[in-house]
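Chains, contacts and geometry: an overview
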Amino acid sequence: MTQAIATNTVGPLPLPEGVQGIVADWSSDQRAFKNVPWGKAMMWIFLLSDTFIFSSFLISYMTVRMSATEPWPNPSEVFALTLFGKSIPLILIAIMTFVLISSSGTMAMAVKFGYEKNRKITFILLLITAALGATFVGMQAFEWSKLIAEGVRPWGNPMGAAQFGSTFFMITGFHGTHVSIGVIFLIIVAIKVLRGDLDHERPGFLTGRKGKYEMVEIMGLYWHFVDLVWVFIFAVFYLW
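Definitions and limits used
By convention here, each chain's residues receive numbers from 1 onward along its written sequence. Given that this is a predicted model, residues contribute local features only at a pLDDT of at least 70 and side-chain atom pairs are listed and counted only at 80 or more, while totals for whole chains, interfaces and linings are drawn from all residues. Note: side-chain values were computed over all heavy atoms of the structure, leaving out hydrogens and water. Residues belong to a common nonpolar core when they are buried Ala, Val, Leu, Ile, Met, Phe, Trp, Tyr or Cys residues joined through side-chain atoms within 4.5 Å. When accessible area is computed with a 1.4 Å probe and restricted to protein chains, residues below 20% of their type maximum are described as buried, those above 50% as exposed, and intermediate ones as partly exposed. Secondary structure elements are taken from DSSP: a helix is a run of H or I of four residues or more, a strand is a run of E of two residues or more, and numbering for both begins at the N terminus. Only heavy atoms enter the contact rule, under which two residues are in contact if any of them lie within 4.5 Å. The span you would expect from a helix comes to 1.5 Å times its residue count less one. Whether two aromatic rings pair depends on their centres lying within 6.5 Å, for rings of Phe, Tyr and Trp, where Trp uses its six-membered ring; planes under 30 degrees apart make the pair stacked, over 60 edge-to-face, and the rest tilted. Note on criteria: charge over ring means Lys NZ or Arg CZ within 6 Å of the ring centre, with the direction from the centre no more than 35 degrees off the ring normal. Here an angle of 0 to 180 degrees is reported between the N-to-C directions of two axes, which are lines fitted to C-alpha atoms, with helices fitted over the stretch in contact. Orientation is classified from the angle alone, with under 35 degrees giving roughly parallel, over 145 giving roughly antiparallel, 65 to 115 giving roughly perpendicular, and any other angle giving oblique. A clockwise turn of the near helix away from the far one marks a right-handed crossing, whereas an anticlockwise turn of less than a right angle marks a left-handed crossing. Classes in brief: Ala, Val, Leu, Ile, Met, Phe, Trp, Tyr, Cys and Pro nonpolar; Asp, Glu, Lys and Arg charged; the others, Gly included, polar. Think of a 1 Å grid over just the protein atoms. A cavity is a set of points where a 1.4 Å probe fits yet cannot get out, a pocket is an open set with protein on both sides within 12 Å along at least five of seven lines, and lining residues have an atom within 4 Å of a point. Grid points are joined across faces, edges and corners, and a volume is the space filled by probe spheres set on the points. Salt bridges are defined as contacts in which a side-chain nitrogen from Lys or Arg sits within 4 Å of a carboxyl oxygen from Asp or Glu.

1. Thoughts on the nonpolar core
The biggest cluster of nonpolar side chains holds 56 residues, and the ones touching the most others in it are Phe79, Leu126, Val216, Trp230, Ile233, Phe237 and Tyr238. Elements with a contribution of two residues or more to this core: α3 (38-67), α5 (91-115), α6 (119-149), α7 (163-195) and α9 (214-238). At 16 residues, α9 tops the list of elements feeding residues into this core. Beyond its immediate sequence surroundings of up to four residues, Phe79 is in contact with Pro89, Leu90, Ile91, Ile93, Glu143, Leu147, Phe164, Phe168, Phe237 and Tyr238.

In structure tokens:
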């Protein structure tokens, strides 16, 4: 006697159509964020909000530049450095960009070795990333001091349109603040990695779950975002 074999295989439930389907799709947070650490989810939300802020700054800069009645300074001349008797355009900005992009590579390697629980290598890579970030901030401080010495102010600019100074200090200052904060947090996480706080879940700031190195990855998300934003600033502000 042949009997049918019952199976428990259940196909995906169909979503409602129309507006109800859209609501059901976007409200599936229990499935989308299942087993995702809350710190990583909150970092993504923070980065999304920060994306809107930087986008507003860059759009405002493009609007102000296109509507300025006075001539806009040429970035290749404004940000040129004189080396060995020759004026080299954007040489400092190119070095800053190389340094910051290189830090993304060391940060990615720190995340890799972190999940492999290689504390020593992770600690070294985090410190290298922090050092590259601090180098970037130092070169940005030199860039600021150079322009201030040449008379550029947030409310004025002897080289042309007065809006140049305000947009420059606002955009690069806001980004530099992000890099500086990232350097501080990288050092804190590096010390915690070296002490084994992430392995033993010692109570404290930026520790995370026991035996997990999610905090290193969360810092990586922040750092890669800061680097990506600089690429857009470099393209829009310095190359245009």
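2. Some thoughts on α7
In a regular helix each residue adds 1.5 Å, so 33 residues correspond to 48 Å; α7 covers 48 Å between its end C-alpha atoms and thus fits that length. Directly beyond the C-terminal end of α7, a positive phi value near 85° is found at Gly196.

3. Some details on the packing of aromatic side chains
The relative placement of two aromatic rings is captured by the distance of their centres and the angle of their planes. Taken as a whole, this structure holds 22 aromatic pairs when the rule is applied. Centroid distance Phe54 to Phe225: 6.2 Å. Interplanar angle 65°. Geometry classified as edge-to-face. Within this pair, whereas Phe54 is found in helix α3, its partner Phe225 is found in helix α9, the two being separated by 171 residues in sequence. Comparing Phe54 with Phe225 shows no difference in burial state: the two are buried. Each ring, one from Phe136 and one from Trp230, has its centre 4.9 Å from the other, and the planes form 85°; the classification is edge-to-face. Linking Phe136 in helix α6 with Trp230 in helix α9, this pair joins segments that are 94 residues apart in sequence. In this pair, the class of Phe136 matches that of Trp230, namely buried. Across the ring face of Trp240, the terminal group of Arg65 is positioned such that the distance to the ring centre comes to 4.6 Å. The cationic tip of Lys112 hangs over the ring face of Phe113; the distance from NZ or CZ to the ring centre is 4.4 Å.

4. Quick word on the packing of α5 against α9
Packing of α5 against α9 brings their axes to within 9 Å, and their N-to-C directions diverge by 160°. Taken as axis vectors, α5 and α9 run roughly antiparallel relative to one another. At the point where α5 passes α9, the crossing takes the left-handed sense. Taken together, the residues of the contact of α5 with α9 sort by class into 17 nonpolar, five polar and three charged.

5. Side note on the packing of α3 against α9
One way to put it is that α3 packs onto α9 with a least axis distance of 10 Å and a crossing angle of 10°. Classified by the angle between their axes, α3 and α9 sit roughly parallel to one another. Between α3 and α9, the residues in contact are Gly39, Lys40, Met43, Trp44, Phe46, Leu47, Asp50, Thr51, Phe54, Leu58, Tyr61 and Met62 and Glu217, Ile218, Leu221, Tyr222, Phe225, Val229, Phe232, Ile233, Val236 and Phe237, respectively. A class-by-class count of the residues in the contact of α3 with α9 yields 17 nonpolar, two polar and three charged.

6. Points about empty space enclosed by the protein
The full count for this structure, using the stated rule, is one cavity of 30 Å³ or more. In this model, the largest cavity occupies a volume close to 50 Å³. Forming the boundary of the largest cavity are Val78, Phe79, Leu81, Leu92, Ile93, Glu143, Lys146 and Leu147. Secondary structure elements with two or more residues in the lining of the largest cavity: α5 and α6. A per-element tally of the lining of the largest cavity places α6 first, with three residues. When its residues are assigned to classes, the lining of the largest cavity shows six nonpolar, no polar and two charged.

7. Some details on the layout of surface pockets
Approximately 210 Å³ is the volume found for the second largest pocket. Counting residues per element, the ones that place at least two in the lining of the second largest pocket are α3 and α9. Here the lining of the second largest pocket is built from residues that sort into nine nonpolar, three polar and no charged.

8. Section: the pattern of salt bridges
Enumeration over the complete set of coordinates arrives at three salt bridges. Of the charged contacts, one joins Lys40 and Glu217 as a salt bridge, the two residues approaching to 3.2 Å between their closest N and O atoms. Of this pair, Lys40 sits in helix α3 while Glu217 sits in helix α9, and the two are 177 residues apart along the sequence. The partner of Lys112 in a salt bridge is Glu116, and the shortest N-O contact between them spans 2.8 Å. Given a relative accessible area of 44%, Lys112 falls into the partly exposed group.

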